Amino acid sequence: MTIEELVQRQKDAFRNGANRPADARRQNLTKLREIVKDHADRLCDAMKRDFGKPLVEAYASEIATVILEIDYHLKHFEKWMEPESVGESVYTFPSKSRIYRQPLGSVLIIGPWNFPVNLTFMPLVGALSAGNTVVLKPSELAPATSAEIRSLITSRFEPEEVAVVEGDAEVTTELLRQPFDKIFFTGSPRVGRIVMKAAARHLTPVTLELGGKSPAIVHSDAQMDVSTRRIWWGKTINAGQVCIAPDFVAVHESQREAFISESQKVLSEFYPDGYRPGENYTQIVNEEHFERLSLLLEDADILLGGRTDPQTRFIEPTLIAADWDDEIMEDEIFGPLLPLITWSDDTEIIGRLTGNDPPLALYLFTRDEAFQKTVIREIPFGGGCINDTITHWINPKLPFGGVGTSGMGAYHGRLSFDTFSRRQSVMGKGLWPDPEVRYPPHGEGKLKWLKRLF
Ligand code: NAD
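Residue numbers run consecutively from 1 along every chain, following the written order of its sequence. Given that the model is predicted, a residue must reach a pLDDT of at least 70 before its local features are reported, and side-chain atom pairs must reach 80 or more before they are shown or counted; all residues, however, enter totals for whole chains, interfaces and linings. With hydrogens and water set aside, each side-chain value is computed from the structure's full complement of heavy atoms.

Caption draft 1: Region of interest: the pattern of salt bridges. In what follows, salt bridge is the name for a side-chain nitrogen of Lys or Arg lying within 4 Å of a carboxyl oxygen of Asp or Glu. Within the structure shown, the criterion is met by 22 salt bridges. As a salt-bridge pair, Lys-11 and Asp-181 come within 3.2 Å of each other at their nearest N and O atoms. You can see Lys-11 sitting in helix α1 (residues 3-15) and its partner Asp-181 sitting in the loop between α7 (169-176) and β6 (182-186), a full 170 residues away along the chain. Under the relative-accessibility criterion, Asp-181 is labelled partly exposed at 24%. The partner of Lys-31 in a salt bridge is Glu-161, with the nearest N and O atoms 3.8 Å apart. Taken together, the positions of Lys-31 in helix α2 (residues 22-38) and Glu-161 in the loop between α6 (143-156) and β5 (162-164) put the pair 130 residues apart, joining distant regions of the chain. Connected through salt bridges with shared partners, the residues Glu-84, Arg-101, Arg-414 and Asp-418 form a single ionic network. The helix count covers DSSP runs of H or I at least four residues long, the strand count covers runs of E at least two residues long, and both are numbered beginning at the N terminus. Using a 1.4 Å probe on the protein chains alone, a residue whose accessible area is under 20% of its type maximum counts as buried, one over 50% counts as exposed, and one in between counts as partly exposed.

Caption draft 2: Highlighting the sheet that holds strand β2 (residues 96-103). Read from one edge of the open sheet, 3 strands run β1-β2-β18, paired in antiparallel fashion. At either margin of the open sheet sits one strand with a lone partner, and together these are β1 (84-86) and β18 (421-428). Put simply, the sheet's adjacent strands are angled 30° from each other on average, direction ignored. With 8 bridges joining them, β2 and β18 adopt antiparallel strand pairing. Residue pairing in the sheet places Arg-101 in a bridge with Arg-423 of β18. Following DSSP output, two strands are said to pair if at least two bridges run between them. Convention adopted: a line fitted to C-alpha atoms gives each axis, helices being fitted over their contacting stretch, and angles between N-to-C directions are expressed from 0 to 180 degrees.

Caption draft 3: Fine view of the domain arrangement of the protein chain. Here the bounds of each domain stem from an automatic or database domain assignment. According to the domain assignment, the protein chain consists of domain 1 (3-210 + 407-426) and domain 2 (215-401). Measuring from the centre of the C-alpha atoms in domain 1 to the corresponding centre in domain 2 gives 30 Å. Here, two residues are considered to be in contact whenever any of their heavy atoms come within 4.5 Å of each other. Taken residue by residue, the interface counts 26 residues in domain 1 and 25 residues in domain 2. Take the accessible area each of two parts loses on contact, using a 1.4 Å probe, and add the two losses: that sum is the buried area. Interface area for domain 1 against domain 2, summed over the two sides, is near 2,100 Å², with a carbon-plus-sulfur share of 59%. The tally of links from domain 1 across to domain 2 stands at 1 salt bridge.

Caption draft 4: Expanded view of the packing of helix α12 (residues 346-355) against helix α13 (residues 369-378). Close contact between α12 and α13 brings their axes to 10 Å; oriented N to C, the two are set at 20°. For the element pair α12 / α13, the angle class is roughly parallel. Helix-helix and strand crossings are classified by hand; for α12 and α13 the assignment is right-handed. Mapping the contact onto sequence places Asp-346, Ile-349, Ile-350 and Thr-354 in α12 and Phe-371, Thr-374, Val-375 and Glu-378 in α13. Throughout, the ten residues Ala, Val, Leu, Ile, Met, Phe, Trp, Tyr, Cys and Pro are labelled nonpolar, Asp, Glu, Lys and Arg are labelled charged, and all others, Gly among them, are labelled polar. Class assignment of the residues belonging to the contact of α12 with α13 gives a composition of 4 nonpolar, 2 polar and 2 charged. With respect to orientation, any angle under 35 degrees is reported as roughly parallel, any angle over 145 as roughly antiparallel, any angle of 65 to 115 as roughly perpendicular, and every other angle as oblique. Helix crossings are classified by the rotation of the near helix relative to the far one: an anticlockwise turn of less than a right angle makes the crossing left-handed, while a clockwise turn makes it right-handed.

Caption draft 5: Structural detail: the sheet that holds strand β17 (residues 407-408). Read from one edge to the other, the open sheet built from 6 strands follows the order β5-β4-β3-β6-β7-β17, with strand pairing classed as mixed. Lying at the two open borders of the sheet, with one neighbouring strand each, are β5 and β17. Alignment of strand β3 (residues 106-110) against strand β4 (residues 133-137), held across 5 bridges, turns out to be parallel. Looking at β4, one finds that Ile-110 is bridged to Lys-137. Sheet strands in contact with α1 are β3, β4 and β5, and its direction is about 155° off that of β4. Most of the contacts of α6 go to β5, to which it runs at about 150°, and overall it touches β4 and β5.

Caption draft 6: Up close: the site of the ligand. Near is defined per residue: the residue qualifies when any heavy atom it owns lies within 4 Å of the molecule or strand. By nearness alone, 26 residues border the ligand, and Gly-111, Glu-140, Ser-188, Leu-210 and Glu-332 come closest of all. Nitrogen and oxygen atoms within 3.5 Å of one another constitute a polar contact, given that in protein one can donate a hydrogen and the other can accept it, and given that sequence-neighbouring residues count only through two side-chain atoms. With respect to the ligand, the backbone of Gly-187 contributes an N or O atom lying 3.2 Å from an oxygen atom. Glu-332 places a side-chain nitrogen or oxygen 2.5 Å from an oxygen atom of the ligand. A 1.4 Å probe and the Shrake-Rupley method give the accessible areas. Residues count as covered only by the protein chains that appear here. Contact with the protein chains removes 91% of the 840 Å² of surface that the ligand exposes when unbound. With 3 residues, helix α8 (residues 189-202) is the largest single contributor of residues to the shell around the ligand. Broken down by class, the residue content of the shell around the ligand amounts to 14 nonpolar, 8 polar and 4 charged. Of the residues that make up the shell around the ligand, three or more belong to each of domain 1 (3-210 + 407-426) and domain 2 (215-401).

Caption draft 7: Highlighting the nonpolar core. If you look at the biggest cluster of nonpolar residues, it comprises 102 residues, and the most contacted ones within it are Phe-121, Leu-124, Ile-153, Ile-244 and Phe-259. Looking at this core, you find at least three residues from each of domain 1 (3-210 + 407-426) and domain 2 (215-401). Non-local contacts of Phe-121, meaning those with residues more than four positions away in its chain, are made with Leu-32, Ile-35, Val-36, Val-66, Leu-136, Ile-149 and Ile-153. Within the second largest apolar cluster, 18 residues are counted, among which are Leu-108, Val-135, Ala-199 and Val-206. Among buried residues, the Ala, Val, Leu, Ile, Met, Phe, Trp, Tyr and Cys ones that are joined through side-chain atoms within 4.5 Å form a nonpolar core.

Caption draft 8: Molecular detail of the packing of aromatic side chains. Centre distance within 6.5 Å is the pairing criterion for rings of Phe, Tyr and Trp, where only the six-membered ring of Trp is used; planes under 30 degrees apart are then read as stacked, over 60 as edge-to-face, and the remainder as tilted. A full pass over the atoms with the stated rule returns 17 aromatic pairs. Centroid distance Trp-80 to Phe-417: 5.6 Å. Interplanar angle 55°. Geometry classified as tilted. Highlighted residues: Trp-80 in helix α4 (residues 55-81) and Phe-417 in helix α14 (residues 414-419), separated in sequence by 337 residues. Both residues of the pair, Trp-80 and Phe-417, belong to the buried class. Members of the aromatic cluster, joined through ring pairs, are Phe-270, Tyr-271, Tyr-275, Tyr-281 and Phe-314. For Lys-31, the ring lying beneath its charged end belongs to Phe-157, and the centroid distance is 4.5 Å. Consider the ring centre and the ring normal. A charge sits over the ring if Lys NZ or Arg CZ is within 6 Å of that centre and within 35 degrees of that normal.

This is the structure we're talking about:
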């Protein structure tokens, strides 16, 4: 079957009701839950083969999070399907106004390599609970996981319901030519632009989950032991190859030395027996990215770490003294290098970060509630945490998405259901009363009456 035929078959199936009734949605979510739960070992093993993702990390971030999301949808989706009654307008009284949430049709989900299960299955949960047919395109940079996803989905779903198309940019380009009813893309801002341009041809709506340079700001009053531990936790998961990893840390100058000494302590506590790539620490995904990160290390002022091994594509968590103008501060790092910037004045750090592209995440370490409020109000960012990193991503009640160059739209929980639904507004009217005032002929008297009212 060609890609064109596949999409046409999905659209026909959708028109014939595939995946739309509540029963079908429940069955699909249950099937997906079984795939993830019963074959967790296969999926985790594939990620280990692809880029040495440690098993506990893989289970926590790729399996448990998806099960949590499925259970949340199973519990709520029937309520979300119900028409929502909204209030009346004096202009249309008497009437009943309702919003119906309808599935969009056949949707395309394109995933990145770094959380290859989570970032294809999390949007899939929303697409299925909202009643769509789906084409999944996992990343070719995690080939073993992509093959497992295809094999598991194909074993439980008909291609008209959920299909998996594997491949690289060329295959994705062919997919992007099709008239999908929605494209959900997770990946780099560079490819996000390509996706949005292709979507424009059919006026297909897009959700773009992209990346950026997410700061961790450490204030002078931060509790340094816990703050440093949580920053390095967020930076060492997946060896920093996480869209919401703290990209750099901006520490108040009074806490610079404390941050360096706590960092040394924290990293030796996290890895008491050293780093074993593929066992307790993730590898860099491929040689190209290993080279890119190694180049950033070449002229860096290294404060801690810095060891690398091309054989195992290992890069040690590395703290680097940096300045705003350094090369490492230009693009998203997407690896275990943590530039350390210092600042001295609240308005200085807020001004700096307000001028940058809005990041996907922002992390603020302070007990000062006034400063917390100012940062939340002044700096645009997708989402984030106070005194933590990453964890805002896990709560299905918090919409997850970026702003500006870090993304467009959001998902997780109820927001996923809405992202894969269209809102249909319907006003129900009785046949009585039927006041003549709305119908022509319209004279001066009506105009006066209108002007008096509005
Ligand atoms: P990527 O943009 O290179 O690839 C993502 C997907 O796009 C893959 O499936 C790939 O096959 C496809 N693709 C690549 N080139 C293409 C092209 N020219 N035309 C059409 N499709 C193409 O991203 P990646 O390297 O897999 O992931 C890293 C990036 O993704 C980082 O920028 C990171 O911040 C971002 N990311 C964002 C989130 C989020 O939730 N916002 C999550 C993970 C990663």
